[in-house]
Amino acid sequence: EFITVGELANRMAERVGDVIKAMMKMGVMATQNQTIDADTAELVIEEFGHRINRVSEADVEDGISGAEDKAEDLKSRAPVVTIMGHVDHGKTSLLDALRQTDVAGGEAGGITQHIGAYQVKLEGGDQITFLDTPGHAAFTEMRMRGANVTDIVVLVVAADDGIQPQTKEAIAHSKAAEVPIIVAINKCDKPEADPGRIRNQLLEHELVPEELGGDIMCLEVSAKAKLNLDKLEEAILLQAEMLELSANPNRRAEGAIVEAKLEKGRGSVATVLVQRGTVRVGDVFVAGAESGRVRALLNDKGRNIEEAGPSVPVEVLGLQGTPQAGDDFVVVRDDTQAREIAEYRQRKAKEATQAIAGRGTLEQMFSQIKAGEVQEMPIIIKTDVQGSLEAITSSLEKMGTEEVKVRVLHGAVGGITESDITLAASTGGVALGFNVRANPQARELARRDGVDIRYYSVIYDLIDDMKKILGGLLAPEL
Ligand code: GDP
């Protein structure tokens, strides 16, 4: 299946009747609304002497990513920083404290907007962009979707607590992504803080602090007492200098979706981190499988701006649909190209979902189980790391009873997304997040479709709960 006869005629600017006649001559009987496959469409197009413009993955890639930049066009750009670390070690506090170091922040009318990222301008004029969706979920999810936006990871370790499981995971994630780490030893205002101990612990994870002869910058900070925040920013700039971060601002914009949601009265809004080029009001773009035209651009202070260049996070209005975090954002030539690419990607996504989904609603599931027609409990599991994914999946699959088996339909590392919810909804399954959360669109969709999302941070709790649910399914308390 590829295109309807009517749409094909429309694209070729030929009359539908003529197309149907031409197809009859070729021995294909089709009506206007009938869908024909790509090969047939190609023959028809040739028959009419039109140029074939078959959109393939390669065309999409060609269409959206232009030529490489010449060295002389590259300008240095601000580093993009993600803050990671164990829960309660002070990621949020540090993000807030760093935000307050912005010299432009105090300007009249500058209201802090949480758009998923913000930029800090330092006294010397240097800028740093922070992704303010702390945690591995954002980082991993974006990376899973192919978006490598983070230049530097700031690993927060509480000086009174030391390296904890999520600290280790953050180290693993950063290393896997080959993103350099700067360590912020936080809570150094506390009397029991022991930064020396933290440095030694880092050694065990092959992060050798400069003080111990290595190349890892470690700063002793306090988000609460606002201690050494300037030193931390200096370290970030120093690291950025070593990375020689640059981009060509004078080309069509390309970037990544940091956050996207559907808002009342505003439609779909997305925070885009521009990675190269400059996006302007009026630009036509593709964002994942959605397209649009920039109606307005807002910065992290909620002000309307006309354009945004490399490393600038900007809220974009004018989307036709809601993309997902980690999707690409690419300004394209015109509406036609935008629509073609978006349609192509939507078709691909739908095919992928249909391949596994399509087994009915939760109610059907219940009644089918009761009637003995269903022997499976579908589960979608998303985790923060591969290790827990494997452990949980194998426990779940072993857990089924005589009557009902557990079937992990989809298991992956990363946050819970709309496609997970779609899958759960269409199979009557549940979506489980282990140390990951659902993104706002996924939560919205889950509410709408009545999909159960459950979050866990202890494997035992997850398994125990699933046993209960399975029991409930077998003997519903009615
Ligand atoms: P997150 O879970 O990593 O985002 O951590 P939060 O930023 O929410 O901080 C967890 C707790 O630690 C909160 O009660 C903060 O007030 C506290 N905290 C954060 N930074 C500091 C610090 O530098 N010093 C002290 N004493 N407490 C801090």
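Residues numbered from 1 in each chain as written. Predicted model: local features only at pLDDT ≥ 70, side-chain atom pairs only at ≥ 80, totals over all residues. Heavy atoms only, no water.

You'll find the protein entered in an unreviewed UniProt entry as Translation initiation factor IF-2, with Aestuariispira insulae given as the organism. Of the comments in the UniProt record for the protein, the one headed Function (unreviewed entry) reads "One of the essential components for the initiation of protein synthesis. Protects formylmethionyl-tRNA from spontaneous hydrolysis and promotes its binding to the 30S ribosomal subunits. Also involved in the hydrolysis of GTP during the formation of the 70S ribosomal complex." (UniProt positions renumbered as here; feature names shortened; annotations may be inferred.)

Right, let's get into the pairing of strand β15 (residues 290-298). Among the 9 residues that make up β15, 7 are buried, leaving the element largely enclosed by the rest of the structure. The antiparallel hairpin formed by strand β14 (residues 284-287) and β15 contains 2 residues in its connecting segment, where G288 sits at a positive phi of about 60°. Judged from the 4 bridges that link them, β15 and strand β18 (residues 313-319) form a sheet pairing that is antiparallel. Bridge pairing links G292 to L319 in β18. Bridge analysis of β15 against strand β16 (residues 304-305) gives 2 bridges, and the strand direction is antiparallel. Across the sheet, L298 pairs through a bridge with N304, a residue of β16. (Buried < 20%, exposed > 50% of the residue type's maximum accessible area, 1.4 Å probe, protein only. Helix = DSSP H or I, 4+ residues; strand = E, 2+ residues; numbered from the N terminus. Pairing = 2+ DSSP bridges.)

Now for the environment of E340. Examined against the element boundaries, E340 turns out to sit in helix α10 (residues 335-356). Separated by 49 residues in sequence, E340 and S291 have C-alpha atoms that sit 9.4 Å apart.

Among the residues of helix α1 (residues 5-12), V5, G6, L8, A9 and M12 are the ones counted as buried. In a view along the axis of α1, the buried residues occupy a sector of 165°, so they form one face of it. Summarising the contacts, the buried residues of α1 are in contact with β1 (3-4), α2 (16-25), β2 (35-36) and α3 (38-47). Once α1 ends, the next one or two residues include A13, with phi positive near 60°. (Arc of directions from axis to C-beta. Contact = heavy atoms within 4.5 Å.)

Summed over the entire model, instances satisfying the criterion amount to 23 salt bridges. A salt bridge links D69 to R251; the nearest nitrogen and oxygen atoms lie 2.9 Å apart. Placement of the pair is D69 in the loop between α4 (57-64) and β3 (75-76) and R251 in the loop between β10 (246-247) and β11 (254-263), with a sequence separation of 182 residues. The buried category is assigned to R251, whose relative accessible area is 17%. (Salt bridge = Lys/Arg side-chain N within 4 Å of Asp/Glu carboxyl O.)

As a further point, take the side chain of T150. In this structure, T150 sits in the loop between α6 (136-144) and β7 (152-158). Take T150: its relative accessible area is 12%, and that puts it in the buried class. Polar contacts involving the side chain of T150 include one to the side chain of T82, which spans 2.7 Å. Leaving out residues up to four positions away in the same chain, T150 has contacts with V80, V81, T82, L131, F139 and V179. (Polar contact = N/O pair within 3.5 Å; in protein donor to acceptor, adjacent residues only side chain to side chain.)

Turning next to the sheet that holds strand β8 (residues 181-186). If you trace the 6 strands from one edge of the open sheet to the other, you get β5-β6-β4-β7-β8-β9, paired in mixed fashion. The strands lining the two open edges of the sheet, one partner per strand, are β5 (117-121) and β9 (218-220). Here the average twist between neighbouring strands, direction ignored, is 30°. As paired elements, strand β4 (residues 80-85) and strand β6 (residues 127-131) share 3 bridges and run parallel to each other. Within β6, the residue paired with V80 across the bridge is T129. Sitting on the sheet, helix α9 (residues 229-243) is in contact with β4, β5, β6, β7, β8 and β9, with an inclination near 150° to β7. (Axes fitted to C-alpha atoms, helices over the stretch in contact; angles between N-to-C directions.)

Take the nonpolar core next. A general trend in soluble globular proteins is that nonpolar side chains are found buried together. One finds L94, F130, V154, L232 and I236 to be the most contacted residues of the largest nonpolar core, which totals 27 residues. Contributions of two or more residues to this core are made by β4, α5 (91-99), β5, β6, β7, β8 and α9. The leading source of residues in this core is α9, at 6 residues. Here I236 is in contact with P79, V81, I128, F130, I152, V154 and I182, once residues within four sequence places are set aside. (Core = buried A, V, L, I, M, F, W, Y, C linked by side-chain atoms within 4.5 Å.)

Extensive coverage of strand β22 (residues 430-434) is indicated by the burial of 5 of its 5 residues. Side chains of β22 alternate between two faces, with V430, L432 and F434 and A431 and G433 buried alike. Of the pairings in the sheet, the one linking strand β20 (residues 376-383) to β22 comprises 5 bridges and is parallel in character. Bridge assignment links K382 to a residue of β22, and that residue is G433. Looking at chain direction, β22 and strand β23 (residues 453-456) are connected through 4 bridges and run parallel. Bridge assignment links G433 to a residue of β23, and that residue is Y455.

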